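Breakdown of the fold
Spelled out from the first residue to the last, the chains are:
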Amino acid sequence: MNNIKPEVHRQRHRLVDVVPLRTPYVIFIDPSSVCNFKCKFCPSNNANGVEHEIMKDETFKSVLKGLSSFPEKVKVIEFYCIGEPLINKNVTSWIKTLKNGYCEKVRLTTNGSLLTHALSQELVDSELDYIKISIEALNTQGYENICGVKIDYDKLVNEIQYLYSISRNRNLELAIKILDVGLETEEDKQKFLDIFAPISDYAFIEIIKDNWAEYDAIPKESSIDVSNIDYYTKHATEYSICAYPLTHMLVHSNGDIGVCCHDWKHGTCYGNVKDTLLIDAWNSKHLKEFRIKHLEGKRDEIPFCKSCSRVSFDNVDSDAKNIILKLRN
């Protein structure tokens with residue numbers, strides 16, 4: 001078991017050497033922006049003015065057509081974004097399809113509440129590469145307080161244990177994380193690791209942050225000592241310029257094409273898969289100018305991005321001028 005998230009400890013390219021990319025490194029595809037939880041820190045079920053839906057089959061077919069338009073396979077498809085992906089009954093069959101020539105890896109993040117023995121077997125058989133389960137508390141009452149739902153906590157743990165056990169002879173990595181606000185006492189930090197480290201490949205704790213631009217309803221800060229628990233931040237350095245537009249793409253559940261997974265409001269959209277091929281959106285003048293704005297340090301001139309506090313973990317600060325020249329040429 002490793003407590004360092006794989007996206008941190010794996011080697012990353014220096015972007016000035018490889019951009020502009022012919023194919024995005026990572027595409028988030030949201031099979032369901034609907035969620036069965038109402039977590040206080042998430043806009044999925046708490047924010048007004050955004051329509052949430054389960055992705056339709058015809059929309060997914062348009063996604064596949066768009067993926068086929070790229071000259072290379074996408075390195076990673078993150079098959080989730082705003083909602084709970086397992087609400088979509090097509091998830092496992094769609095993962096099989098994606099692994100059949102559209103990408104190198106498929107990764108999934110879920111709250112785990114819908115797991116059953118049968119669904120876990122389907123996920124393993126789908127050739128999914130990585131699944132991250134977000135644990136929100138260490139007991140049933142904690143879930144009610146944070147997520148607004150009542151769950152059978154022991155059943156949740158048992159289902160995760162079963163998924164882990166049947167994935168051992170397959171190439172499926174299982175990660176489990178919890179936010180610091182889900183830990184009520186200092187002892188809870190060790191309790192989390194005692195429960196979940198033996199039934200996962202990665203178990204880690206994150207400090208809650210304001211990840212959602214224009215949405216600020218997050219729980220109060222944790223009362224526990226967080227100085228040495230955020231393994232993600234401990235092993236990564238944040239930079240001032242966001243590199244997501246250079247490497248990432250997002251397809252919302254309704255087909256809207258956006259820049260990154262933090263765009264819950266569809267505020268950075270530059271097309272829809274129903275009438276725009278993904279490669280045309282990726283190479284569009286609109287996205288090029290969007291990238292240049294970020295590289296010039298003009299995030300404040302982009303309506304949605306100006307209130308976003310997130311940045312990527314790729315350093316383009318010192319290479320920004322050279323990347324702009326490459327984009328313009």
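A brief structural summary. (Residues numbered from 1 in each chain as written. Predicted model: local features only at pLDDT ≥ 70, side-chain atom pairs only at ≥ 80, totals over all residues. Heavy atoms only, no water.)

**Thoughts on the side chain of H294**
Definition in use: Strands are runs of DSSP state E lasting at least 2 residues, helices are runs of H or I lasting at least 4, and numbering of each runs from the N terminus. When checking whether two residues touch, look at their non-hydrogen atoms; a contact exists if any pair is within 4.5 Å.
The topology assignment puts H294 in helix 11 (residues 285–295). In this structure, H294 is in contact with I241, C242, P245, R299, I302 and C305, ignoring residues within four places of it in sequence.

**Re empty space enclosed by the protein**
Put simply, the test is: Within this scheme a cavity is a closed region of a 1 Å grid, computed over the protein atoms alone, that accommodates a 1.4 Å probe without allowing it to escape, whereas a pocket is open but has protein on both sides within 12 Å along at least five of seven lines; lining residues each have an atom within 4 Å of a point. Grid points are joined across faces, edges and corners, and a volume is the space filled by probe spheres set on the points. Any residue that is not Ala, Val, Leu, Ile, Met, Phe, Trp, Tyr, Cys, Pro, Asp, Glu, Lys or Arg is counted as polar, Gly included; the first ten are nonpolar and the last four charged.
Applying the stated criterion across every chain yields a total of 1 cavity of 30 Å³ or more. Taken as a whole, the largest cavity spans an internal volume of roughly 110 Å³. Contributions of two or more residues to the lining of the largest cavity are made by helix 9 (244–247) and helix 11. Within the lining of the largest cavity, the residues separate by chemical class into 9 nonpolar, 3 polar and 2 charged.

**Observations concerning the sheet that holds strand 2 (residues 74–78)**
The condition is simple: A pair of strands is treated as paired once DSSP finds two or more bridges between them. Interaxial angle, 0 to 180 degrees, is taken between N-to-C directions of lines fitted to C-alpha atoms, where a helix line uses only the stretch in contact.
Across the sheet, which stays open at both edges, the 8 strands sit in the order 6-5-4-3-2-1-7-8 with mixed pairing between neighbours. Looking along the sheet, the strands with just one partner apiece sit at the ends: strand 6 (202–206) and strand 8 (257–258). Across 4 bridges, strand 2 lies against strand 3 (residues 103–110) in parallel orientation. Note on strand 3: the bridge partner recorded for I77 is V106. Against the sheet, helix 2 (residues 57–68) makes contact with strand 1 (26–29), strand 2 and strand 7 (248–251), and its axis sits at roughly 170° relative to strand 1, the strand it touches most.

**Topic: the pattern of salt bridges**
Heads up, the rule is: What counts as a salt bridge is simple: a side-chain nitrogen of Lys or Arg found within 4 Å of a carboxyl oxygen of Asp or Glu. Summary of the burial criterion: residues with accessible area below 20% of their type's maximum are buried, those above 50% are exposed, and those between are partly exposed, where the area comes from a 1.4 Å probe applied to protein chains only.
Here the structure, examined in full by the defined rule, presents 14 salt bridges. Notably, a salt bridge pairs R328 with E296, separated by 3.5 Å at the nearest N-O pair. Pair noted here: R328 is in helix 12 (residues 320–328) and E296 is in the loop between helix 11 and helix 12, with a separation of 32 residues, a long-range link. The class for E296 is partly exposed, based on a relative accessible area of 34%.

**Here we look at the packing of aromatic side chains**
The condition that has to hold: Whether two aromatic rings pair depends on their centres lying within 6.5 Å, for rings of Phe, Tyr and Trp, where Trp uses its six-membered ring; planes under 30 degrees apart make the pair stacked, over 60 edge-to-face, and the rest tilted.
Overall, the coordinates contain 8 aromatic pairs when judged by the stated rule. Ring geometry for F60 against F79: centres 6.3 Å apart, planes inclined by 55°, an arrangement best described as tilted. With F60 in helix 2 and F79 in the loop between strand 2 and helix 3 (91–99), this pair connects stretches of sequence that are 19 residues apart. By relative accessible area, which is 2% here, F60 ends up buried. By relative accessible area, F79 is classed as buried at 0%. On the numbers, 6.5 Å between centres and 50° between planes, the contact of Y130 with Y202 is tilted.

**Description of the environment of K61**
Its location among the elements puts K61 in helix 2. The class for K61 is exposed, based on a relative accessible area of 52%. Sequence separation between K61 and V273 is 212 residues, and the spatial gap between their C-alpha atoms is 9.2 Å.

**Quick notes on the pairing of strand 2**
So the rule is basically this: By definition, the crossover connecting two strands over a helix is right-handed if that path, from the first strand to the second, turns clockwise as seen with the strands pointing away from the viewer.
Counting buried residues along strand 2, 4 of its 5 residues qualify, which places the element largely inside the surrounding structure. Sheet topology places strand 1 next to strand 2; 3 bridges connect them, and they run parallel. Each residue of the ladder has a partner; that of F28, found in strand 2, is E78. Read as a crossover between parallel neighbours, the route from strand 2 over helix 3 to strand 3 is right-handed.

**Here we look at the packing of helix 11 against helix 12**
We count it as follows: An angle counts as roughly parallel when it lies under 35 degrees, as roughly antiparallel when it exceeds 145, as roughly perpendicular when it falls between 65 and 115, and as oblique in every other case. Crossings are classed by handedness, with left-handed meaning an anticlockwise turn of the near helix from the far one by less than a right angle and right-handed meaning a clockwise turn.
Between helix 11 and helix 12, whose axes approach to 10 Å, the crossing angle comes to 165°. It follows that helix 11 is roughly antiparallel to helix 12 by the angle criterion. The crossing of helix 11 and helix 12 is left-handed. Along its contact with helix 11, which presents K288, R291, I292 and L295, the element helix 12 presents A320, I323, I324, L327 and R328. When grouped by side-chain class, the residues that make up the contact of helix 11 with helix 12 number 6 nonpolar, no polar and 3 charged.

**Notes on the state of the cysteines**
Short version of the rule: In plain terms, two cysteine sulfur atoms within 2.5 Å form what is called a disulfide here.
On inspection of all chains with the given rule, the structure shows 0 disulfides. Not engaged in a disulfide, the cysteine C308 finds its nearest cysteine sulfur in C260; these two sulfurs lie 6.1 Å apart.

**Here we look at the environment of M249**
Secondary-structure assignment places M249 in strand 7. Between the C-alpha atom of M249 and that of V26, which follows or precedes it by 223 residues, the distance is 6.5 Å. Residues within four places of M249 in sequence aside, it is in contact with P24, V26, I27, F28, F70, I257, G258, V259, Y270, L278 and W282.

**What about helix 4 (residues 117–125)?**
The condition that has to hold: The arc in question is formed by the directions pointing from the helix axis toward the C-beta atoms.
Among the residues of helix 4, L119, S120, L123 and V124 are the ones counted as buried. Each buried residue of helix 4 sits inside an arc of 140° when the element is viewed along its axis, so together they form one side. Among the structural elements, helix 3, strand 3, strand 4 (130–135) and helix 6 (153–166) are those in contact with the buried residues of helix 4.

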